[in-house]
Every structure is written in structure tokens, then in C-alpha cells.
Amino acid sequence: DQQVKQNSPSLSVQEGRISILNCDYTNSMFDYFLWYKKYPAEGPTFLISISSIKDKNEDGRFTVFLNKSAKHLSLHIVPSQPGDSAVYFCAPNNDMRFGAGTRLTVKP
Amino acid sequence: DAGITQSPRHKVTETGTPVTLRCHQTENHRYMYWYRQDPGHGLRLIHYSYGVKDTDKGEVSDGYSVSRSKTEDFLLTLESATSSQTSVYFCAISPGTEKLFFGSGTQLSVL
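Numbering of residues starts from 1 in each chain and follows the order in which that chain's sequence is written. Numbering of ligands from 1 and lettering of chains from A proceed in the order in which they are written. Local features in a predicted model are, by the rule used here, given only for residues with pLDDT of at least 70; side-chain atom pairs are given and counted only at 80 or more, and totals for whole chains, interfaces and linings are based on all residues. Hydrogen atoms and water are omitted, and side-chain values are computed over all heavy atoms in the structure.

### Regarding the overall build of chain B
Logical step 1: On a plain count of helices and strands, chain B comes out with zero helices and eleven strands.
Logical step 2: Counting from the N terminus, the helices are DSSP H or I runs at least four residues long and the strands are E runs at least two residues long. Along chain B, helices (α) and strands (β) appear in the sequence β-β-β-β-β-β-β-β-β-β-β when read from the amino end.
Logical step 3: On C-alpha atoms alone, chain B measures out to a radius of gyration of 13 Å, which is about the 13 Å that the 2.2 N^0.38 rule sets for 111 residues.
Logical step 4: Seen through its C-alpha atoms, chain B measures out along the principal axes to roughly 35 × 25 × 25 Å.
Logical step 5: Each residue's exposure class comes from its accessible area (1.4 Å probe, protein chains only) as a fraction of the maximum for that residue type: buried when under 20%, exposed when over 50%, partly exposed otherwise. Looking at chain B as a whole, 48% of its 111 residues qualify as buried.
Logical step 6: Any pair of residues with heavy atoms lying within 4.5 Å of one another is described as a contacting pair. Within chain B, residue pairs in contact and separated by at least 24 positions form 54% of the contacts whose partners lie at least 6 positions apart.
Logical step 7: By the counting scheme adopted, Arg and Lys are positive, Glu and Asp are negative, and His together with the chain ends is not counted. Throughout, a charge is located at the NZ atom of Lys, the CZ atom of Arg, the CG atom of Asp or the CD atom of Glu. In chain B, 11 positive and 12 negative side-chain charges are present, and the distance between their average locations comes to 2 Å. For a compact globule the rule gives 2.2 Å times the number of residues to the power 0.38, and the radius of gyration it is set against comes from C-alpha atoms.

As C-alpha cells, this is what we get:
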């Protein structure tokens, strides 16, 4: 049973614009959510997290928003850079199952 | 960077042969995981371990077994490899129920 879903397999944006990646979840009992970033031929790396008691967490160009009533979280990247081109995964901390990922392409 | 080493990095094998992938960590983390990554499916959990000799199944465990006889090593075995097990395999470690640290992956091709 998929606990988290990333319904957009790919996203293409222009350099300098905003990238918004979405993730929906079903179980309300998670403590916090994590976003991971994965480049080709490398393992995923942790990017940013958000506690279930918050609705926003910001780290430089990356902001994650949590809407508990909608069971939805989103990752905003502003401004997007070509180096952000990667696959992004969301995952709850205490389940360890990931969404299918969204491939972000940032065009120069 | 977390000390995680996966071996081999690449392997080509034939259908029906046994294959063992190794994950070695130097962080003394309690939790270890095996994932596979396939197009359209993202990362799927195969097995995980919460301590020496303590393992459990993930979402795609059929055809795979694991063993953890030491804290630092987590082995994934395909008893009889099939073409559907062609994939990229990632090991991950964690001290608890928090963020994971991943290895660089093993590309496995089953012909």
C-alpha cells in the first residue's frame, strides 16, 4: 500500500523560475517528512525535512510546505538552477517507503 | 559523508544463478535497508534490519533474502536471479527513524 504518492513523474522549468514538486500521503501518523535528491549514478541524499507540527520549513532556496488537512506537502525551489536537475523523492521518516519520485529538469 | 560501501558496483549474471550484494558501513548505525530503483517505481524497499540478526520484509521482498551477522554488514541475496531483478540496488543506513544515508548503488543485470 503506497503511503506516499508523487503524481508528477517529471517537471521541466526554466532557470531562475520556481520549481514546485508535490507529494501526497495517506497516513496522518508520521512524525516528519523528508525530501531526498538523486543525481544519476549516485545514491539519494537528504535535502530538507519538515516536522508534522510545522507547516513550513525553509533552507536557502528550498522550502517545504505541509498541509495536514489536505495530507499534502510540496517542495519549492526558488530560483531554480540547472544543477537542481535531479530526481526528487519524498518519504515519511518512520515508514521508509518512498514516493515514485519526480524528475526535475531545469533548462538554462 | 556517511561511510557506506556497496559491492560490487556493477554485476552481470545469468538467470538462475545466485547473487549476493554486500553493504558495509563504518558508522555503527542500527538500521540498514536495501532498496531497488526502477523506472516508474522510484525506490522500493526490499528488506531492512533493525539490529544484528533482526530483519524484516519490505514491499518487494519476494525472491530476496538478507542476513546481518555483524552491525557493519548487510547482505542481500538473490537465490536464483531472474531478469525481473535487473535493477539498481541501494543500501541505506540510519541511526534511528530519521534521515537515511545511501550508498552509491549496485547496477545488477540479469541476462
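### A word on the environment of Gly99(A)
Residues and elements named next belong to chain A.
Logical step 1: Checked against the element boundaries, Gly 99 lands in the loop between strand S9 (86-92) and strand S10 (102-107).
Logical step 2: A relative accessible area of 0% means that Gly 99 is categorised as buried.
Logical step 3: Residues Gly 99 and Glu 15, spaced 84 residues apart in sequence, show a C-alpha to C-alpha distance of 25 Å.

### Details of the interface of chain B and chain A
Logical step 1: Each side of the interface is counted separately: chain B has 19 residues, and chain A has 18 residues.
Logical step 2: Here's the idea: put two parts together, see how much 1.4 Å probe accessible area each one loses, and the total over both is what we call buried area. Taken together, both faces of the contact between chain B and chain A bury some 1400 Å²; the carbon and sulfur share is 63%.
Logical step 3: Per-residue buried area on chain B facing chain A is highest for Leu43(B), Thr97(B) and Lys99(B); these three make up 32% of the total on that side.
Logical step 4: Should a side-chain nitrogen of Lys or Arg be within 4 Å of a carboxyl oxygen of Asp or Glu, the pair is scored as a salt bridge. In this structure, the connection of chain B to chain A is made through zero salt bridges.
Logical step 5: Every element with two or more residues in the side of chain B that touches chain A is listed here: strand S4 (31-38) and strand S5 (42-51) of chain B.
Logical step 6: When residues are grouped by polarity, Ala, Val, Leu, Ile, Met, Phe, Trp, Tyr, Cys and Pro land in nonpolar, Asp, Glu, Lys and Arg in charged, and all others, Gly among them, in polar. A class-by-class count of the residues in the side of chain B that touches chain A yields seven nonpolar, eight polar and four charged.

Geometry only, nothing functional implied.
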